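Single-letter residue listing:
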Amino acid sequence: MFHLLGSILQRQRQRSLAATVVLAALATLVLHLVAGMSLAPALYETLRVFVLEANTEVGHDAPASLRLSLWAMRFVAPVLTAGLAAELVHGLGLFHLPTLYLLLGIFPRQHVIIGGLGRLGRHVAQRLARAGMPVVVIERDAENDFIAEVRRMGVPVILGDAADPATLRHAGLRHCAHLVSVTSRDLVNLDVALVGLACRRASDLAGFTAWAHVADPSIAEHIPQNLATGVGEHFRVLDTYAAAADALVRTRLPATFSGDVFVVAGLGRFGTSVLRECLRAHAAHAGSSFVAIDNTADAPRRARARGCGADTERVQFIIADMLDDSVATALSAHLAGGRRLHFLVCTDDDERNLQFALAIRTRLGDRDEVRVITRMCLQAPWLRGRL
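A short tour of the structure in this document, coming up. What you see as residue numbers is a count from 1 along each chain, following the sequence as written. The predicted nature of this model means local features are confined to residues of pLDDT at least 70 and side-chain atom pairs, given and counted, to a pLDDT of 80 or more, with totals for whole chains, interfaces and linings taken over all residues. Each side-chain value is derived from all of the structure's non-hydrogen atoms; neither hydrogens nor water enter the calculation.

1. Here's the deal with the overall build of the protein chain
In terms of regular secondary structure, the protein chain is built from 16 helices and 11 strands. Taken across its 387 residues, the protein chain has 44% of its residues classed as buried. In what follows, a contact means two residues having at least one pair of non-hydrogen atoms within 4.5 Å. Here the analysis covers contacts within the protein chain between residues at least 6 apart in sequence; of these, 69% occur between residues at least 24 apart. As presented, the protein chain carries roughly 19,700 Å² of accessible surface, and 57% of it is formed by carbon and sulfur atoms. The way it works is that DSSP assigns letters per residue, a run of H or I at least four long becomes a helix, a run of E at least two long becomes a strand, and they are numbered from the N terminus. Accessibility here uses a 1.4 Å probe with only protein chains present; expressed as a share of the type maximum, an area under 20% marks a residue as buried, one over 50% as exposed, and anything in between as partly exposed. Each accessible area value is a Shrake-Rupley result obtained with a 1.4 Å probe; residue values ignore everything except the protein chains displayed when judging cover.

2. Topic: helix 6 (residues 119-130)
One less than the number of residues in a helix, times 1.5 Å, gives the span that helix is expected to have. Its 12 residues give helix 6 an end-to-end C-alpha distance of 16 Å, which sits within 8% of 16 Å, the value for a rise of 1.5 Å per residue. Buried within helix 6 are the following residues: Leu120, Gly121, Arg122, Val124, Ala125, Gln126 and Leu128. The positive-phi residue at the C-terminal boundary of helix 6 is Gly132, with phi of around 90°.

3. Considerations on the pairing of strand 8 (residues 289-294)
The two faces of a sheet get side chains in turn, since along a regular strand they alternate between them. Strand 8 sits mainly inside the fold: 6 of its 6 residues count as buried. Residues of strand 8 alternate between two faces, with Ser289, Val291 and Ile293 on one and Phe290, Ala292 and Asp294 on the opposite face, all of them buried. Any two strands between which DSSP finds at least two bridges are classified as paired. Where strand 7 (residues 261-265) and strand 8 come together, 5 bridges link them in parallel fashion. Looking at the pairing, Phe262 lines up with Phe290 of strand 8. Alignment of strand 8 against strand 9 (residues 315-319), held across 5 bridges, turns out to be parallel.

4. Quick notes on a nonpolar patch on the surface
A contiguous nonpolar patch, built from Val22, Leu26 and Leu29 and spanning about 270 Å² of accessible area, is present on the exposed surface. Relative to the helices and strands, Leu29 is located in helix 2 (residues 13-33). Here the term patch refers to residues with relative accessible area over 30% and no salt bridge, with like charges joined within 9 Å and nonpolar side chains (Val, Leu, Ile, Met, Phe, Trp, Tyr) within 5 Å. One side-chain nitrogen of Lys or Arg within 4 Å of one carboxyl oxygen of Asp or Glu is enough to make a salt bridge.

5. What about the environment of Arg367?
With respect to the secondary-structure elements, Arg367 resides in the loop between helix 15 (350-364) and strand 11 (370-374). With a relative accessible area of 36%, Arg367 lands in the partly exposed category. Between the C-alpha atoms of Arg367 and Arg340, which are 27 residues apart in sequence, the distance is 9.7 Å. With near-sequence residues (within four places) excluded, Arg367 lies in contact with Leu335 and Arg361.

6. Some remarks on the side chain of Asp260
Note that Asp260 resides in the loop between helix 11 (240-252) and strand 7. You can call Asp260 buried: its relative accessible area is 3%. In this structure the side chain of Asp260 is engaged in a polar contact, spanning 2.9 Å, whose partner is the side chain of His342. Those residues within four positions of Asp260 in sequence are excluded, and the remaining contacts are Pro254, Ser288, Ser289, Arg339, Arg340 and His342. Distance and chemistry together define a polar contact, namely a pair of N or O atoms within 3.5 Å, with one atom able to donate a hydrogen and the other to accept it when in protein, and with adjacent residues in sequence counting only for side-chain atoms on both sides.

7. Considering helix 11
Over its 13 residues, helix 11 runs 17 Å from end to end, which matches the ideal 18 Å to within 8%, given 1.5 Å per residue. Lining the buried residues of helix 11 we find strand 5 (209-213), helix 12 (269-281), strand 10 (341-345) and strand 11. The residue sitting at the N-terminus of helix 11 and contributing the capping side-chain oxygen is Asp239; that oxygen lies 3.1 Å from the backbone nitrogen of Tyr241.

8. Focus on the pairing of strand 10
Most of strand 10 sits out of view: 5 of its 5 residues are buried. Here strand 10 shows a buried face lined by Leu341, Phe343 and Val345 and a second buried face lined by His342 and Leu344. Of the pairings in the sheet, the one linking strand 7 to strand 10 comprises 5 bridges and is parallel in character. Residue Val263 lies in a different strand from strand 10, and its bridge partner there is Phe343. Bridging between strand 10 and strand 11 involves 5 bridges; their strand directions are parallel. Each bridged residue has a counterpart across the sheet, and for Leu344 the counterpart in strand 11 is Ile373.

9. Overview of the pattern of salt bridges
In the structure shown here, the tally under the stated rule is 12 salt bridges. Notably, a salt bridge pairs Arg363 with Asp325, separated by 2.8 Å at the nearest N-O pair. One end of the pair, Arg363, is in helix 15; the other, Asp325, is in helix 14 (residues 325-332), with 38 residues separating them in the sequence. Residue classification places Arg363 among the partly exposed positions, given a relative accessible area of 39%. Put simply, Asp348 and Arg375 hold a salt bridge, and the shortest N to O gap is 2.6 Å.

10. A few points about the packing of helix 11 against helix 12
To obtain an axis, a line is fitted to C-alpha atoms, over the contacting stretch when the element is a helix, and the angle between two such axes runs from 0 to 180 degrees between their N-to-C directions. Two elements in contact, helix 11 and helix 12, have axes whose closest approach is 8 Å; the angle formed by their N-to-C orientations is 45°. It follows from the interaxial angle that helix 11 and helix 12 lie oblique. With respect to the hand of their crossing, helix 11 and helix 12 are arranged in right-handed fashion. Residues Tyr241, Ala242, Ala244, Ala245, Asp246, Leu248 and Val249 of helix 11 form the contact with helix 12, whose own contacting residues are Arg269, Phe270, Ser273, Val274, Arg276, Glu277, Cys278 and Ala281. Here the term charged refers only to Asp, Glu, Lys and Arg, the term nonpolar to Ala, Val, Leu, Ile, Met, Phe, Trp, Tyr, Cys and Pro, and the term polar to all other amino acids, Gly among them. Residue classes in the contact of helix 11 with helix 12 are distributed as 10 nonpolar, 1 polar and 4 charged. The scheme is simple: roughly parallel for angles under 35 degrees, roughly antiparallel for over 145, roughly perpendicular for 65 to 115, oblique for anything else. In this scheme, a crossing is called left-handed if the near helix is turned counterclockwise away from the far one by less than a right angle; it is called right-handed if the turn is clockwise.

11. Focus: the environment of Ala129
Among the structural elements, Ala129 can be located in helix 6. Along the chain, Ala129 and Val150 lie 21 residues apart, while their C-alpha atoms are 9.1 Å from each other.

12. With respect to the packing of aromatic side chains
Under the pairing criterion, centres of Phe, Tyr and Trp rings, with the six-membered ring standing for Trp, must be within 6.5 Å; the plane angle then separates stacked pairs below 30 degrees from edge-to-face pairs above 60, leaving the rest tilted. Scanning all chains against the criterion turns up 2 aromatic pairs. Note on Phe262 and Phe290: the rings are 5.8 Å apart at their centroids and 20° apart in plane angle, and the pair reads as stacked. Highlighted residues: Phe262 in strand 7 and Phe290 in strand 8, separated in sequence by 28 residues. You'll find Phe262 and Phe290 in the same group, each marked buried. The interplanar angle of 70° and the centroid separation of 6.1 Å between the aromatic rings of Phe343 and Phe356 together place this pair among those described as edge-to-face. In this pair, Phe343 sits in strand 10 while Phe356 sits in helix 15, placing the two residues 13 residues apart along the sequence. As far as burial versus exposure is concerned, Phe343 and Phe356 are alike and both buried. Lying over the aromatic face of Phe146, Arg122 brings its terminal NZ or CZ to 4.7 Å of the ring centre. The criterion is that NZ of a Lys, or CZ of an Arg, lies within 6 Å of the ring centre and within 35 degrees of the ring normal, and then a charge sits over that ring.

Scope: geometric values only; no functional claims are made or implied.
Below is the structure:
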């Protein structure tokens, strides 16, 4: 019965309003035609049932159809009125209705629980919600700017620690199909996935998979094969940065070339993955050159630690702000002899990425030999509204 109430409340507010109006009209007609009331008293009695009190009485000699109609109204009218009121209050922004359902214990079925609402978590939640999949997000930072954004899409957000079994149960772990931990910390993601597996193990693992986002190859390659003994098919490690970098290199860069120069700007997690994939994909092309731009002195060490290994010897590292004039000057030397430059701008800052792309076009000229591919995280509201 509780889940039936939840399904009624989750209807769109237009349907709730339409159902309420139709039922009120039918009830008024029944009182008018069967009970012999005039329209005004019949409408008043109907409103009393819906809004004030459900104590309209009829005599024992009243037609059975009238008694049955009033009996049904006493149960259905309050449910519809409550649902409509909740939808209206939700529409006014006084509370988030999907989150209220979780507080009441009304869980979706076969949903996806996302742990962490950073840029990656927001993107995953948006894509799943747009595909029509039920999603619940767990985020520990109440000041996170993305909370309001995903809630506007109808995605409930629970404030808490995704590695806390109580929080996972509150998010409906028992009924979910996937638990996806995508925080910025690889070890936390592993912890969340394993806690989720342990909690589900006590009930049923059928149809359940726990995913841990691990972007650091040095961590991923040392995850023991028996880390989730007995639940191997329900535990997966993913690296979205590596997957995106692989897709970028395979689909946006030339498969065969000679003497081209590949410039990766920004050696964060994604930039390092792009550099690694470039080196792997084009290792056999001895005439090609690779340049990495980063403003931190330990960029070469990070590149080696994150999977580039000995191939970093082929990379020219420019330790400087990518918007500095000296960077464009150093890169212009690579255009000699008709060589092509492929710029892969990979920092986490959309505005700086755009500034660098425009600066390269301005300083090196709008020529066919220069190609710029810019990463856009779309974290700025003004960018999300225009791109």
